[in-house]
Amino acid sequence: MTAALLAAVAAAVGYGVSTVMEAVGARRSPGAGALRRPLVLAALLLDGVAWLLSLLALDRLPLFVVQAVLASSVVVTVVLARPVLGARLRRRDVLAVAVVVVALVVVAGGSGDQPAMTPPRGFTTGMLVATGALVLVSVAAYARGGALLLALLGGLGYSGAAIAARGAHASGDLLATVRQPLAVVVVVCGAVGVVAYLRALERGPVGGAAAVESVVEVLVPGVVGVAVLGDTVRHGWAVPVVLALVVAVAACVVLAGSPAGVAAEDAEPDAGRLDGPARRAPG
């Protein structure tokens, strides 16, 4: 469990750092020109490393743990945005950072090492159908959909990728995992998450979109993991874990609306995150 948890934490840190790096690069070269800057390219590489680390974590930890840890990448973004981008950090943001850290300790303590289990019959078919439906709705909403709807679709995309990645790990080695249909779900849902979330950032306030996306990408995979994929909570830890998840998500929502987080996101209009299993958490 320790190695998997460290991988999840490292992925969250990587996503948070890369967001700030992309923000700095975008400020220096607005628009598509940012993609030619070494700093932005390095940030995208860091995204890829973080994504691989999240896959390692999903192999040994339940979805509700990994997703909560990854969503906390907003903590890294907000903390770094102050010295790097000169953004303002409110007192409530400092409190929210502390709350997220404590809540995640409780969530991790209530899970334990849980290798991925073989999904129930019909799981792969259901994920493929759900992915197709998500693509159709996202295409229809892309042109005229509101920011919150697009953020919801982005969160569902990242959620689907995380759920499929957790189920795919039960197949055995890496080659077997990549060759199964669930790998298609990971890629397609991840792409939907990136496109829909970036579109949400274009069409509305960053804080609201980030909050919706964060809540969805933590709660949906967590519920599916427990209800369908056999994820469990240690005996006697159910209430503390549920409360910790609620508190962690609420604190992440507060941080999503922080001037520091908004400054980082607003500075990177064309930089996306390479999130397969876990959302591009708004941080």
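What counts and how
In this numbering scheme, every chain counts its residues from 1 along its sequence in written order. In view of the model being predicted, local features appear only for residues whose pLDDT reaches at least 70, and side-chain atom pairs are presented and counted only at 80 or more, with totals across whole chains, interfaces and linings using the full set of residues. To get the side-chain values, all heavy atoms of the structure are used, and hydrogens and water are removed first. Only DSSP runs of H or I reaching four residues or more are called helices, and only runs of E reaching two or more are called strands; each is numbered from the N terminus. Burial classes: relative accessible area under 20% of the type maximum marks a residue as buried, over 50% as exposed, and values in between as partly exposed (1.4 Å probe, protein chains only). Pairs of residues are marked as contacts when any of their non-hydrogen atoms sit within 4.5 Å. Among buried residues, the Ala, Val, Leu, Ile, Met, Phe, Trp, Tyr and Cys ones that are joined through side-chain atoms within 4.5 Å form a nonpolar core. The term salt bridge refers to a side-chain nitrogen of Lys or Arg lying within 4 Å of a carboxyl oxygen of Asp or Glu. Orientation is described by lines fitted to C-alpha atoms, with helices fitted over the stretch in contact, and by angles between N-to-C directions that extend from 0 to 180 degrees. Angle categories are assigned with fixed cut-offs, so that under 35 degrees is roughly parallel, over 145 is roughly antiparallel, 65 to 115 is roughly perpendicular, and the rest are oblique. A clockwise turn of the near helix away from the far one marks a right-handed crossing, whereas an anticlockwise turn of less than a right angle marks a left-handed crossing. Basically, the charged four are Asp, Glu, Lys and Arg, the nonpolar ten are Ala, Val, Leu, Ile, Met, Phe, Trp, Tyr, Cys and Pro, and anything else, Gly included, counts as polar. Confidence of the predictor at the level of single residues is given by pLDDT, which spans 0 to 100. Residues qualify for a patch when their relative accessible area is over 30% and they have no salt bridge, like charges being joined within 9 Å and the nonpolar side chains of Val, Leu, Ile, Met, Phe, Trp and Tyr within 5 Å. We get accessible surface area from the Shrake-Rupley algorithm with a probe of 1.4 Å; when it comes to residues, only the shown protein chains can shield them. Multiplying 1.5 Å by the helix residue count minus one yields the expected span of that helix. Picture the helix axis, draw a direction to every C-beta atom, and the arc is the one those directions span.

1. Things to note about the environment of Met-127
Alright, step 1. Structurally, the position occupied by Met-127 is in helix H6 (residues 123-144).
Alright, step 2. Residue classification places Met-127 among the buried residues on the basis of a relative accessible area of 11%.
Alright, step 3. Spatially, the C-alpha atoms of Met-127 and Ile-163 are 8.8 Å apart, while their sequence positions differ by 36 residues.
Alright, step 4. When near neighbours in sequence (up to four residues on either side) are disregarded, Met-127 contacts Gly-160, Ile-163, Ala-164, Leu-182 and Val-185.

2. Concerning the nonpolar core
Alright, step 1. Core analysis: the biggest nonpolar cluster contains 66 residues, and Val-100, Met-127, Leu-182, Leu-245 and Leu-255 have the highest contact counts within it.
Alright, step 2. Membership of the second largest hydrophobic core comes to six residues, among which are Val-20, Ala-23, Val-24 and Ala-81.

3. Quick look at the pattern of salt bridges
Alright, step 1. All chains considered together, the criterion is met by two salt bridges.
Alright, step 2. When the shortest N-O distance is used, the salt bridge between Arg-90 and Asp-93 registers 2.8 Å.
Alright, step 3. On the accessibility criterion, Asp-93 (0% relative accessible area) is buried.
Alright, step 4. Here Arg-166 ties to Asp-231 by a salt bridge, and the two come within 3.0 Å at their closest N and O atoms. Pair noted here: Arg-166 is in helix H7 (residues 147-168) and Asp-231 is in the loop between helix H10 (206-227) and helix H11 (238-256), with a separation of 65 residues, a long-range link.
Alright, step 5. What makes Asp-231 buried here is its relative accessible area of 2%.

4. Section: the packing of H7 against helix H9 (residues 181-203)
Alright, step 1. Two elements in contact, H7 and H9, have axes separated by 7 Å at closest approach and are oriented at 160 degrees. By the angle class used here, H7 and H9 are roughly antiparallel. In this structure, the crossing between H7 and H9 has a hand that is left-handed.
Alright, step 2. Residues of the contact of H7 with H9, tallied by class, amount to 18 nonpolar, six polar and two charged.

5. Description of the confidence of the model for the chain
Alright, step 1. Looking at the chain as a whole, its pLDDT mean stands at 83, while 84% of the residues score no less than 70.
Alright, step 2. Element-level mean pLDDT values for the chain span from 63 in helix H8 (residues 174-178) up to 95 in H6.
Alright, step 3. Between residues 278-283, whose pLDDT stays under 50, and residues either more than four places distant or in other chains, the model counts 37 contacts.

6. Section: a nonpolar patch on the surface
Alright, step 1. A cluster of nonpolar side chains, Leu-149, Leu-152 and Leu-156, forms an exposed patch at the surface whose accessible area comes to about 210 Å².
Alright, step 2. If you trace the backbone, Leu-149 turns up in helix H7.

7. So, the packing of helix H2 (residues 38-60) against H7
Alright, step 1. Between H2 and H7, whose axes approach to 8 Å, the crossing angle comes to 55 degrees. On the basis of their axis angle, the class for H2 and H7 is oblique. Relative to H7, H2 is oriented so that their crossing is right-handed. Taken together, the residues of H7 that come into contact with H2 (itself represented by Leu-55, Leu-58, Asp-59 and Arg-60) are Ala-162, Ala-165 and Arg-166.

8. Details of H11
Alright, step 1. The end-to-end C-alpha separation of H11 is 27 Å, in line with the 27 Å expected for 19 residues at 1.5 Å each.
Alright, step 2. Val-241, Ala-244, Leu-245, Ala-248, Val-249, Ala-251, Cys-252, Leu-255 and Ala-256 are the residues of H11 that are buried. The buried residues of H11 all sit within an arc of 165 degrees when viewed along its axis, so they share a single face. Facing away from the buried side of H11, by more than 90 degrees, are the exposed residues Val-239, Leu-243 and Val-246.

9. So, the environment of Val-84
Alright, step 1. Topologically, Val-84 is positioned in helix H4 (residues 73-85).
Alright, step 2. Sequence separation of Val-84 and Val-20 is 64 residues, and the distance between their C-alpha atoms is 7.8 Å.
Alright, step 3. When residues no more than four places from it in sequence are discounted, the contact partners of Val-84 are Val-20 and Val-24.

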